[in-house]
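Structure at a glance
Each chain, written out:
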Amino acid sequence: MNSKIAVLYGPKGGNTEKIAKLIAKKIGHDKCDLIAVRDADETLLAPYNKLIIGGSTIGTHNWSHSNTSVDWDQFMPKFKKMNFAGKKVAIFGLGDHLAYTNHFVDEMFSLYQVLKNNGATIVGQWPTDGYEFNESAAIVNGKFVGLPIDEDHEDDLSEGRIDAWLNTLSAQM
Ligand SMILES: Cc1cc2nc3c(=O)[nH]c(=O)nc-3n(C[C@H](O)[C@H](O)[C@H](O)COP(=O)(O)O)c2cc1C
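Residues numbered from 1 in each chain as written. Predicted model: local features only at pLDDT ≥ 70, side-chain atom pairs only at ≥ 80, totals over all residues. Heavy atoms only, no water.

Another point: the overall build of the protein. Looking only at helices and strands, the protein has five helices and nine strands in total. Here the C-alpha atoms of the protein give a radius of gyration of 14 Å, agreeing with the 16 Å that 2.2 N^0.38 yields for 173 residues. Buried residues in the protein amount to 49% of all 173 residues. A fraction of 75% describes how many contacts in the protein between residues 6 or more apart in sequence connect residues 24 or more apart. A total of about 8,100 Å² of accessible surface is found on the protein, and carbon and sulfur atoms cover 47% of it. In the protein, the 17 positive side-chain charges and the 22 negative ones have mean positions that sit 10 Å from each other. (Helix = DSSP H or I, 4+ residues; strand = E, 2+ residues; numbered from the N terminus. Rg over C-alpha atoms; globule rule 2.2 N^0.38 Å. Buried < 20%, exposed > 50% of the residue type's maximum accessible area, 1.4 Å probe, protein only. Contact = heavy atoms within 4.5 Å. Areas by Shrake-Rupley, 256 points an atom, 1.4 Å probe, with all protein chains shown as cover. Lys, Arg positive; Asp, Glu negative; His and termini not counted. Charge placed at Lys NZ, Arg CZ, Asp CG, Glu CD.)

The general pattern is negative phi for most residues beyond glycine and trans for most peptide bonds. Omega for the peptide link from Gly10 to Pro11 comes to 5°, which places this bond in the cis form. In this fold, Pro11 is placed in the loop between strand S1 (2–9) and helix H1 (15–27). With a phi close to 45°, Val105 is a non-glycine residue in the positive phi region. By relative accessible area, Val105 is classed as buried at 1%. One non-glycine residue, Asn141, lies in the positive phi region at around 50°. Its location among the elements puts Asn141 in the loop between strand S7 (139–140) and strand S8 (143–144).

Pairs of aromatic rings are described using the distance from one ring centre to the other and the angle between the two planes. Considering all chains together, one arrives at 10 aromatic pairs under this definition. Where Phe104 meets Phe144, the ring centres are 6.1 Å apart and the plane angle is 80°; that geometry is what we call edge-to-face. Of this pair, Phe104 sits in the loop between strand S4 (88–94) and helix H4 (107–117) while Phe144 sits in strand S8, and the two are 40 residues apart along the sequence. Accessibility classification places Phe104 together with Phe144 in one group, the buried group. An angle of 45° between the planes, with centres 5.4 Å apart, marks the rings of Phe133 and Phe144 as tilted. Of the two residues, Phe133 is situated in the loop between strand S6 (126–127) and S7 and Phe144 in strand S8; the sequence distance between them amounts to 11 residues. Look at Phe133 and you get partly exposed, because its relative accessible area is 23%. (Phe/Tyr/Trp six-rings, centres within 6.5 Å; stacked < 30°, edge-to-face > 60°.)

Looking now at the site of the ligand. Not every one of the 17 residues close to the ligand is listed here, only the nearest: Asn15, Thr16, Ser56, Thr57 and Asp152. The separation between a nitrogen atom of the ligand and a polar main-chain atom of His103 is 2.9 Å. For the ligand, an oxygen atom lies 2.6 Å from a polar atom in the side chain of Asp152. In the complex, 78% of the free accessible area of the ligand, which totals 640 Å², lies under the protein chains. (Near = heavy atom within 4 Å. Polar contact = N/O pair within 3.5 Å; in protein donor to acceptor, adjacent residues only side chain to side chain.)

We now examine the pairing of strand S2 (residues 32–36). The side chains of a regular strand alternate, first on one face of the sheet and then on the other. The pairing of S1 with S2 spans five bridges and is parallel. Each residue of the ladder has a partner; that of Ala6, found in S2, is Asp33. Read from S1 through H1 to S2, the crossover connection turns out right-handed. (Pairing = 2+ DSSP bridges. Right-handed = clockwise from strand over helix to strand, strands pointing away.)

Judged by pairing direction, the sheet is antiparallel, and its three strands sit side by side in the order S6-S8-S7 without closing on themselves. At either margin of the open sheet sits one strand with a lone partner, and together these are S6 and S7. Both S6 and S8 contribute to a ladder of two bridges, which runs antiparallel. By the bridge assignment, Trp126 is partnered in S8 with Phe144.

With that settled, the discussion passes to H1. Look at H1: 18 Å from first C-alpha to last across 13 residues, which is about the 18 Å you get at 1.5 Å a residue. Those residues of H1 not exposed but buried are Thr16, Glu17, Ile19, Ala20, Ile23, Ala24 and Ile27. End-on, the buried residues of H1 take up no more than an arc of 165°, which puts them together on one face. Each element contacted by the buried residues of H1 is listed here: S1, S2, strand S3 (48–56), S4, strand S9 (147–149) and helix H5 (155–172). One or two positions beyond H1, positive phi appears at Gly28, with a value near 110°. (Expected span 1.5 Å × (residues − 1). Arc of directions from axis to C-beta.)

In structure tokens form, the structure reads like this:
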């Protein structure tokens, strides 16, 4: 078993990677490993009991839609076969609350569904307070299933949101 946290993210090269790197930096590189879904497989991830998993919402449908990021599209079939029993998993998601106000960070829900179906204990659910949007598929029992980040219009809020979220996560993981 690996006692570190796996910070798993995709795609590479955009806002999700930037935020994943910031999260890893704040946790501390001695306490986590940053892994791109592009480089991940079940063997690599199996030893981790704690994971933070993130992606962006690209397209207004779901991960199987052709508009989703290529990295996650390619990884999703493997991800769906992974067993998350006994693992604690937190989710973060990049989105745009203005241009996609009816589908804000929808894809966090797709991640949540797979993780839940595959036995994960989901942690890091986050209140909707402070976010403006019309609709989001990523709300369960009145809370976001993970942390939404909007680098397009609220990048000045990202660091504070991450700090507050990691603060509550440290007690949950
Ligand atoms: C074609 C396209 C579709 C998008 N669809 C959504 C959407 O449905 N919901 C949302 O919240 N954000 C949506 N976004 C915004 C992205 O999620 C946001 O810009 C994010 O920061 C991109 O992260 P990335 O660079 O890691 O992919 C979309 C962006 C693009 C370019």
